[in-house]
Protein chains: 2
Amino acid sequence: MITIYDIAKKANVSAMTVSKVINRTGRISTATRERVQQVIDELGYIPNSNARSLVLQRTQMLSLLITDITNPFYTTLARGAEDAAHLRGYRVLFGNSDEDYHKEKEYVEAILSTRVDGVLFAPAGDRSITHLQQLQARNIPFVFLDRTVPSIHSDVIAGDSRQGALELMRYLIKLGHQHIALVNGSSEVSTARLREEGYVEGLREAGIAPDPSLVLRTSYRDFSDDEGLERLVSRPQQPTAVFAANNMLAIGVIRLLRKRGLRVPEDISVVCFDDLDLASAFDPFLTVIAQPAYEFGYQGMQMLIDRIEGKLPPDPQTIILPSEMRIRASAATPAPD
Amino acid sequence: MITIYDIAKKANVSAMTVSKVINRTGRISTATRERVQQVIDELGYIPNSNARSLVLQRTQMLSLLITDITNPFYTTLARGAEDAAHLRGYRVLFGNSDEDYHKEKEYVEAILSTRVDGVLFAPAGDRSITHLQQLQARNIPFVFLDRTVPSIHSDVIAGDSRQGALELMRYLIKLGHQHIALVNGSSEVSTARLREEGYVEGLREAGIAPDPSLVLRTSYRDFSDDEGLERLVSRPQQPTAVFAANNMLAIGVIRLLRKRGLRVPEDISVVCFDDLDLASAFDPFLTVIAQPAYEFGYQGMQMLIDRIEGKLPPDPQTIILPSEMRIRASAATPAPD
DNA sequence: GTGAAAGCGCTAACAT
DNA sequence: ATGTTAGCGCTTTCAC
């Protein structure tokens, strides 16, 4: 391990002088600076950020906590987050909760222990409130990412789930659908609640009475509730369309539908929230409301850093990013009975 | 900031005693342990890992450096890596080089500065040798992930690129293809070289003379070399099949082919290395050699941790994971002329 | 323009 | 079984 003292000794100066050269602080004569710099380069000295963090009480490290690393929405988001952090001189400690409260708890503890400067946080659900309170108790700034938790006030970067859902519903209804099922995430998650509101609102607008038995609540992360879907599609009046509350659910739904011999969209239409970047590049099939995932990450990180660096007004800020309807092939006019 | 001294004071013991309770080291009477633990819980004390790392010269932090976070091969791998690290009590600092030497350099510096205990490293290319030498100079263990760099000896977890490519070629040739193009990654990358070897070997086996003008070398990360592909397919003798050296390239190739009005597989067959998890779940179209991405990450991390903890023989180990051919719809018998 | 002293929060080694 | 001392590698403060 090569330390600042090794440099100091070899350059025949004090440790303080070396520190000043490295951090470009204080007054240093050009001659000394150059001599020190040369020794640094020669020995390939790299400062120990642990020692640095200890004294500075800052780590220059941010945490990004997401809920599903296999979901392209989050991986694209992660890229944006990383780009923004990098540009402003921060490193990123990733965490993936898999929508699981306990995994999330462990990450929060790691975060607290690492003393990261801030967290861009997609909470697994409303129970995450305990984790957020821990952060607040320690004055670690966080920005809600995509989802919020009731009664916790902090900065937010999100999309408009309610409005997006409403647009999707209007589209289906315009196509002529009357019996529309909703396959949703857990009602523990704010976006799932909002998307359901949009769903109900869409039905109301069209004068269709919401039918609770057309709503299935499961997990955003993966769809394997075969029985649940079975119940939905084997009703006397089979729904002609399914609104899947996210991309992962849509994949599961389509797979199960096909397994049952139902063609999409000929027999049943499917739409969802969030695009499937790769799959769609390859085969533009799914009709979706696409959210600007990269911007979620990029602007979220910017917001977090602005907050940390005191560049934001003291009261919590909210950024709502616009989404965009991408009409493709998975939804069509319902087959006449 | 709440420190070990706050606990010590409140529990009426020394800092050492608290430290011992936290780390379950040394002898502590049950009474003291319980009293201390209670204060810890009450105050919600969480140790400062920076201070800890400083004295222990260990961070319990590992780094995972990948080259494309939007590629499902790497995201699935990342999950495996994280699971394994987590299970053994390590945290993971992710880095994404985007196949870029300079971005990689910055990550390596961050890694060095953070003093991570080890790195699971997918090098961007042969030039990464400078980064690996830096790690070696500082005795930071690393495991080559997926790719290696000539003349650097370290543990390796990888697939058999040469063999996989050969199998893909045999399959195409069995279908009747004689004119097979290769769209490859950069020859700076070991897997690209090996896949090309497999390609050539496949041709040789079938008594087909390799034609250099049927080989296009670009980047694994994305495919946008429209002109390059143009040249490949607009030859007098148009190839009847394309072997894309990874999944991202395959997507690009198929998109460009379709743009040119060529149907896959009716007009031209396409096969590739690595599956597209989501896209394939949804629409099993692409014929691929699938590598066990999760295992790459999981076993790679295990290997790294075993190395760090001295559980491996001193000489570098190599694990080659088996791949699996998944025959689907994107390759078919060539159309008769 | 440069350096000496003290301390960030923790633990290893050594008392007691 | 518990406590004292010293020091991990760095920077802040203040003296020169």
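Rules behind the numbers
- Residues numbered from 1 in each chain as written.
- Chains lettered and ligands numbered in written order.
- Predicted model: local features only at pLDDT ≥ 70, side-chain atom pairs only at ≥ 80, totals over all residues.
- Heavy atoms only, no water.
- Least-squares fit on C-alpha atoms with pLDDT ≥ 70 in both.
- Contact = heavy atoms within 4.5 Å.
- Salt bridge = Lys/Arg side-chain N within 4 Å of Asp/Glu carboxyl O.
- Helix = DSSP H or I, 4+ residues; strand = E, 2+ residues; numbered from the N terminus.
- Buried < 20%, exposed > 50% of the residue type's maximum accessible area, 1.4 Å probe, protein only.
- Pairing = 2+ DSSP bridges.
- Axes fitted to C-alpha atoms, helices over the stretch in contact; angles between N-to-C directions.
- Near = heavy atom within 4 Å.
- Polar contact = N/O pair within 3.5 Å; in protein donor to acceptor, adjacent residues only side chain to side chain.
- Nonpolar A, V, L, I, M, F, W, Y, C, P; charged D, E, K, R; others polar.

### Examining the relation of the copies chain B and chain A
Superposition of chain B onto chain A requires a rotation of 180° combined with a translation of 0.0 Å along the rotation axis, giving an RMSD of 0.1 Å. With respect to symmetry, the two chain copies, as superposed, fit the operation of a two-fold axis. When the interface residues of chain B are mapped onto chain A, 100% of them again lie at the interface, so the same face is used by both copies.

### What about the pattern of salt bridges?
Opposite charge on two side chains lets them pair, provided their charged atoms get close. Residues and elements named next belong to chain A. Inspection of the entire model under this criterion finds 44 salt bridges over all chains. A salt bridge links E309 to R88; the nearest nitrogen and oxygen atoms lie 3.0 Å apart. Of this pair, E309 sits in the loop between α13 (293–308) and β11 (318–321) while R88 sits in the loop between α5 (72–87) and β2 (91–96), and the two are 221 residues apart along the sequence. Look at E309 and you get partly exposed, because its relative accessible area is 34%. Overall, the relative accessible area of 24% leaves R88 in the partly exposed class.

### As for the sheet that holds strand β12 (residues 324–326) of chain B
All names here are of chain B. Pairing in this open sheet of six strands is mixed, and the strands run β7-β6-β8-β9-β10-β12 from one edge to the other. Sheet topology places β7 (215–217) and β12 at the edges, where each strand pairs with a single neighbour. Shown here is a sheet whose adjacent strand axes are inclined to one another by a mean of 15°, direction ignored. Summarising the sheet, strand β6 (residues 180–184) and β7 pair through three bridges and their orientation is parallel.

### Brief notes about the sheet that holds strand β10 (residues 287–290) of chain A
All names here are of chain A. The six strands are arranged β7-β6-β8-β9-β10-β12 in an open sheet whose pairing can be described as mixed. Strands with a single pairing partner mark the edges of an open sheet, and in this sheet they are β7 (215–217) and β12 (324–326). Here the strands of the sheet are splayed against their neighbours by 15° on average, with no regard to which way each runs. The strands touched by helix α9 (residues 190–205) are β6 (180–184), β7, β8 (241–244) and β9 (269–273); relative to β6, the strand with the most contacts, the crossing angle is about 175°.

### Details of the protein's contact with DNA strand C
Around DNA strand C lies a shell of 26 residues, among which T17, R27 and T32 of chain A together with I4 and Y45 of chain B are the nearest. Sugar and phosphate atoms constitute 67% of the interface atoms of DNA strand C, taking the interface as everything within 4 Å of the protein. For DNA strand C, a phosphate oxygen lies 2.6 Å from a polar atom in the side chain of T17 of chain A. Secondary structure elements with two or more residues in the surface near DNA strand C: α2 (15–23) and α4 (49–56) of chain A together with α1 (4–11), α2 (15–23) and α4 (49–56) of chain B. Among the elements that take part in the surface near DNA strand C, α4 of chain B stands out by supplying four residues, more than any other. Broken down by class, the residue content of the surface near DNA strand C amounts to 14 nonpolar, nine polar and three charged.

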